[in-house]
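Topology and contacts: notes
These are the residues of each chain, in order.
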Number of protein chains: 2
Amino acid sequence: MEIFHEHLKRSGLKRTEQRDLILSVFLETEGHVSAEELYELVKKRDPSVGFTTIYRTLKLILEAGLAREVRFNDGRARYEHEYKHEHHDHLICIQCNCLIEFYSADIERIQEEIAAQYQFKIIDHSHRIFGLCAECQKKIQHGVLRNTYHH
Amino acid sequence: MEIFHEHLKRSGLKRTEQRDLILSVFLETEGHVSAEELYELVKKRDPSVGFTTIYRTLKLILEAGLAREVRFNDGRARYEHEYKHEHHDHLICIQCNCLIEFYSADIERIQEEIAAQYQFKIIDHSHRIFGLCAECQKKIQHGVLRNTYHH
DNA sequence: CTTAGTGCAAACCGTTTGCAAATGC
DNA sequence: GCATTTGCAAACGGTTTGCACTAAG
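In this report, the structure presented in the accompanying data block is examined. (Residues numbered from 1 in each chain as written. Chains lettered and ligands numbered in written order. Predicted model: local features only at pLDDT ≥ 70, side-chain atom pairs only at ≥ 80, totals over all residues. Heavy atoms only, no water.)

Thoughts on the side chain of B:Thr29
All names here are of chain B. Tracing the backbone shows threonine 29 in the loop between α2 (17–28) and β1 (33–34). According to the relative accessible area criterion, threonine 29 is buried, its value standing at 9%. Not counting the four nearest positions on each side in its chain, threonine 29 is found in contact with Leu41 and His81. (Helix = DSSP H or I, 4+ residues; strand = E, 2+ residues; numbered from the N terminus. Buried < 20%, exposed > 50% of the residue type's maximum accessible area, 1.4 Å probe, protein only. Contact = heavy atoms within 4.5 Å.)

Points about the environment of B:Phe26
All names here are of chain B. Along the chain, the position of phenylalanine 26 falls in helix α2. On the accessibility criterion, phenylalanine 26 (0% relative accessible area) is buried. Spatially, the C-alpha atoms of phenylalanine 26 and leucine 66 are 9.9 Å apart, while their sequence positions differ by 40 residues. Beyond its immediate sequence surroundings of up to four residues, phenylalanine 26 is in contact with Val33, Leu38, Ile61, Leu66, Ala67, Tyr79, Glu80 and His81.

Remarks on the interface of chain A and chain B
With 37 residues of chain A in contact, the opposing surface of chain B contributes 37 residues. Carbon and sulfur atoms supply 67% of the area that chain A and chain B bury against each other, a total of about 3400 Å² over both sides. Inspection of the chain A/chain B interface yields 0 salt bridges. Viewed at the interface, chain B and chain A are joined by 13 residue pairs in polar contact (both at pLDDT 80 or more). Only α4 (51–63), β4 (89–93), β5 (99–102), α5 (105–117), β6 (121–132) and α6 (134–141) of chain A provide two or more residues apiece to the side of chain A that touches chain B. The biggest single contributor to the side of chain A that touches chain B is β6(A), with 12 residues. (Buried area = accessible area lost by both parts, 1.4 Å probe. Salt bridge = Lys/Arg side-chain N within 4 Å of Asp/Glu carboxyl O. Polar contact = N/O pair within 3.5 Å; in protein donor to acceptor, adjacent residues only side chain to side chain.)

Here we look at the protein's contact with DNA strand C
In the neighbourhood of DNA strand C, 21 residues make up the surrounding shell, with A:Tyr55, B:Lys14, B:Thr16, B:Arg19 and B:Thr53 lying closest. For DNA strand C, the backbone portion of the atoms within 4 Å of the protein, that is sugar and phosphate, comes to 67%. At 2.6 Å from a phosphate oxygen of DNA strand C is found a side-chain nitrogen or oxygen belonging to B:Arg19. With respect to DNA strand C, the side chain of B:Thr53 contributes an N or O atom lying 2.3 Å from a phosphate oxygen. Counting residues per element, the surface near DNA strand C draws most heavily on α4(A), which supplies 5 residues. Looking at the surface near DNA strand C, its residues break down into 5 nonpolar, 8 polar and 8 charged. (Near = heavy atom within 4 Å. Nonpolar A, V, L, I, M, F, W, Y, C, P; charged D, E, K, R; others polar.)

Here it is, written out as structure tokens:
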């Protein structure tokens, strides 16, 4: 919260009720909220807040370094906490859309090595592994689900 | 080409001039074409082909396993050859949008290990590393470019 | 001659923008 | 008071869809 107010002040922006509300609702969420989901949650507390303000405030929250934008396969951006949440990547089930978070120090290190080799300066990365979770594999085997993915 | 015709036949679809043309133009491209770029290229050979047909045919090419869809940071899908092109991932410069392709057998192996640990069946993955290429770092140092990225 | 494919225009969906009214500082 | 923010509605950009027409099998 203070980080956010810092960021506002530093950028010559104003602290408003809406911004405070949106940030605190965001901080209460777990996982990966979309703008629309956040909008619905915010509306419960103050129905007068508009869609636009959610988008604009999310941008500020990103700039303040409090959130990370992630995109899975549904075309919409999702936001996860960045502050004091160690970095992770995702296994994404293309059947049920469930997520498994993973972290590999080895992969991170190899990444750094590869970048160094090209004198590339890493700012961020997105490593997404798409496939079928254990559950969905079972369902497909038992004929509950049709195996519809390609290849 | 035969793979594509196979796929059409197998799916009970028809072979058409447009589809053949779009595929062959796609196969002549190098790198990462967007639907719009492909449309422009196709129009040079046959101006009557419509936008829609490009999209629909790209979908078929994907299904046939001849292309892979990749998304960088401009919101549009891009397509790269999949057939007889070994898998790779990308370093993406957020200043000049240039791309460096990389491949790491180690990362691929670790990925497999992680997936196995969760009994997750990998179908595909997308590993994108965003940052600054060597060129753009130099330009920023020399004040040619402003360093505008966040964090 | 029947089924699938085409091109066009309109729809779509997530996100952004222009604007007049409202609010923080 | 002045600049910034707000909510609304309209615009946006990439992609998809409904439709009457055309072409492949």
